[in-house]
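# Structural features, examined
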Amino acid sequence: MPHYEPADSFETPRFTGIRTFMRLPYVTDLEGVDFAVIGTPFDTGASYRVGARFGPAAIRNASALQRPFNAAQKIRVYDHLSGVDYGDLPTVPGQIEESYRRIVAALTPIVLAGVTPVLLGGDHSVTLAHLRAVSKVHGPLALVHFDSHSDTWDSYFDFKYNHGTPFKRATEEGLLDPHHSIQIGMRGPLYDPEDLDVARNLGFEVIDGYELPQYSPEQLARKIRERVGDRPVFITFDVDFVDPAFAPGTGTSEIGGPSSRQALDYLRALGQLPGGPLKFVGCDVVEVLPAYDHAEVTALLAATVAFELITLLALAKAQAKQQAGQL
Ligand code: MN
Ligand code: MN
C-alpha cells in the first residue's frame, strides 16, 4: 500500500520543485490515499470582485512553507495520514451549472473511494457542488460554516446560483441538515433587518460576528460539537471570516473580524473535543483572490487553515488507532 507525504525539505529546499499543496506528490491513483487536496478554480459565481479562480494556485504556492509537524497540536500529521495533491477539478469559466455538473462528476468517485477531499476554491459558489458530491456518499451533512456572510440568499438578479446562495440551495436540495448545522462569524451591513433571520429561518444555528468574541475557542468547539453530534461533518471556511487586515486577498471583505490567530485557535479547539473527534468527511477553503492579496498573507492563511483541517483528520485517526489499542 503506498504512503504519500510531502517531499523532504532537508533533501530539496522548500522553494524548489513544481508547486503542489505542501509539497505533496501529485497523484490521481487513490490507492492508499487518506486525503486529497483538490483545487476548484471557478470564480464567476462572485457578486463583486472576481479572480478566485487563481486561489488554488496561490494557496499551493504559499503552502510550500508549511512543515509537517503541527506544533500547536503536537502531532506529526503524516505518521497518521497519507495525502496527495490531486490537481484541479474541471470547470468552465462563466458557466456555473455546467461547472457544477463537471465538478460533481469528477469529485464523486474520489469520495466514493473513501478519500477525504480537502478542496481549495474558488468563490463560495463551488461549495454547492462539493456538498452535492460529498452528500451523495455520506448522506445529509452537518455543516460547520466559517464566514462573514451567511450565503443563504435566494437569488441575485433572479439567478439562483452564485456565491451568495449555496447554503439556501444546499438546504433545498437536502444536501445538509440545517438543524444540525452552524454558521459562525456573520457580520457587516445588510440590506434589511429581516436579512438577519434568513439563515435562522432555514434552521441554521448562527453565532454571528458580534456574539463570537464572547466565546472562547473551547466554548465554541463545544457548541459546534453539541450542534453536529455524531453526524458526518463538512467544514467550509471562507477566508473573509478573518478580518481583512489579515486576509485582504478576497472578494467581499467585511471589516471587524477575528485575527488569523483567533481563527486558527477556533479550528484547533475542534481537535481537543472531550467527546472525541468530529466525524469529518470533507472540507473546503474558499474565496482567496490573489490579485488583491499582499505578501501572500491571505494565501498563507488559507494554506494554514487547510493544514489545520488536515491535522483534525490526523488527530481523529490517531485517536481511533489509540482506541483500537494499536498505539
Ligand atoms: Mn462565503
Ligand atoms: Mn464571505
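As a reminder, the structure under discussion sits directly above these lines.
Structure report, in brief.

Cut-offs and rules
Residues numbered from 1 in each chain as written. Chains lettered and ligands numbered in written order. Predicted model: local features only at pLDDT ≥ 70, side-chain atom pairs only at ≥ 80, totals over all residues. Heavy atoms only, no water. Axes fitted to C-alpha atoms, helices over the stretch in contact; angles between N-to-C directions. Helix = DSSP H or I, 4+ residues; strand = E, 2+ residues; numbered from the N terminus. Parallel < 35°, antiparallel > 145°, perpendicular 65-115°, else oblique. Left-handed = near helix turned anticlockwise from the far one by under 90°. Contact = heavy atoms within 4.5 Å. Nonpolar A, V, L, I, M, F, W, Y, C, P; charged D, E, K, R; others polar. Donors = N, O, S within 2.8 Å, 3.2 Å for Na, K, Ca; no water. Buried < 20%, exposed > 50% of the residue type's maximum accessible area, 1.4 Å probe, protein only. Phe/Tyr/Trp six-rings, centres within 6.5 Å; stacked < 30°, edge-to-face > 60°. Lys NZ or Arg CZ within 6 Å of the ring centre and 35° of its normal. Core = buried A, V, L, I, M, F, W, Y, C linked by side-chain atoms within 4.5 Å. Expected span 1.5 Å × (residues − 1). Pairing = 2+ DSSP bridges.

Attention now goes to the packing of helix H7 (residues 217-228) against helix H8 (residues 260-269). At a closest axis distance of 8 Å, the pairing of H7 and H8 adopts a crossing angle of 50 degrees. When the interaxial angle is binned, H7 and H8 end up oblique. Along this stretch, H7 crosses H8, giving a crossing that reads as right-handed. When H7 is examined against H8, the residues Pro217, Glu218, Leu220 and Ala221 are found in contact with a partner set consisting of Asp265, Tyr266 and Ala269. Taken together, the residues that form the contact of H7 with H8 break down as 5 nonpolar, no polar and 2 charged.

A separate point is the coordination of the manganese ion (ligand 1). The coordination sphere of the manganese ion (ligand 1), as far as protein atoms go, consists of His124 (ND1), Asp147 (OD), Asp151 (OD) and Asp238 (OD), spread over 2.1 to 2.2 Å. One chain supplies every donor for the manganese ion (ligand 1), spaced along it as H-x22-D-x3-D-x86-D. Separating the manganese ion (ligand 1) from the manganese ion (ligand 2) is a distance of 3.2 Å, and aspartate 147 supplies a donor atom to each of them. Judged by its relative accessible area of 0%, aspartate 147 falls in the buried class. The buried category is assigned to aspartate 151, whose relative accessible area is 6%.

We now examine the packing of aromatic side chains. In total, this model carries 8 aromatic pairs according to the counting rule given. Measuring from ring centre to ring centre gives 6.2 Å for phenylalanine 241 and tyrosine 266, while their planes differ by 65 degrees; the resulting arrangement is edge-to-face. With phenylalanine 241 in the loop between strand S9 (232-238) and H8 and tyrosine 266 in helix H8, the pair connects residues that are 25 residues apart, well separated along the chain. Given the relative accessible area of 0%, phenylalanine 241 is considered buried. Counting every residue linked through ring pairs, the aromatic cluster contains Phe146, Phe237, Phe241 and Tyr266. In this structure, arginine 49 is placed above the aromatic ring of tyrosine 292, and the distance from its NZ or CZ to the ring centre is 3.9 Å.

Let's shift gears to the nonpolar core. Counting residues in each nonpolar core, the largest one holds 55 residues, and the members touching the most others are Phe21, Phe146, Ile235 and Phe237. When residues of this core are assigned to their parent elements, the largest contribution, 13 residues, is made by helix H9 (residues 297-323). Here phenylalanine 146 is in contact with Ile184, Leu220, Ile224, Ile235, Thr236, Phe237, Asp238, Phe241, Tyr266 and Leu267, once residues within four sequence places are set aside. By size, the runner-up hydrophobic cluster in this structure holds 38 residues, among which are Leu89, Val115, Phe204 and Val286.

Here we take up helix H3 (residues 96-112). For H3, which comprises 17 residues, the first-to-last C-alpha distance of 24 Å matches the rise-based estimate of 24 Å (1.5 Å per residue) to within 8%. Buried residues in H3 make contact with strand S1 (35-40), strand S4 (83-88), strand S5 (116-121) and helix H4 (126-138). At the exit of H3 stands glycine 114, carrying a positive phi of roughly 85 degrees.

Distances from the manganese ion (ligand 2) to its protein donors, Asp147 (OD), His149 (ND1), Asp238 (OD), Asp240 (OD) and Asp240 (OD), fall at 2.1 to 2.4 Å. The motif formed by the donor residues of the manganese ion (ligand 2), counted along the single chain, is D-x1-H-x88-D-x1-D.

On to helix H1 (residues 55-63). Burial within H1 is extensive, with 7 of its 9 residues counted as buried. On its buried side, H1 packs onto S1, S4, S5 and H9.

With respect to burial, S5 is a largely interior element, 6 of its 6 residues being buried. Bridge count for S1 against S5 is 6 bridges, and the pairing is parallel. Among the inter-strand pairings, valine 37 is bridged to a residue of S5, identified as valine 118. Where S5 meets strand S10 (residues 279-286), 3 bridges bridge the pair, whose relative direction is parallel.

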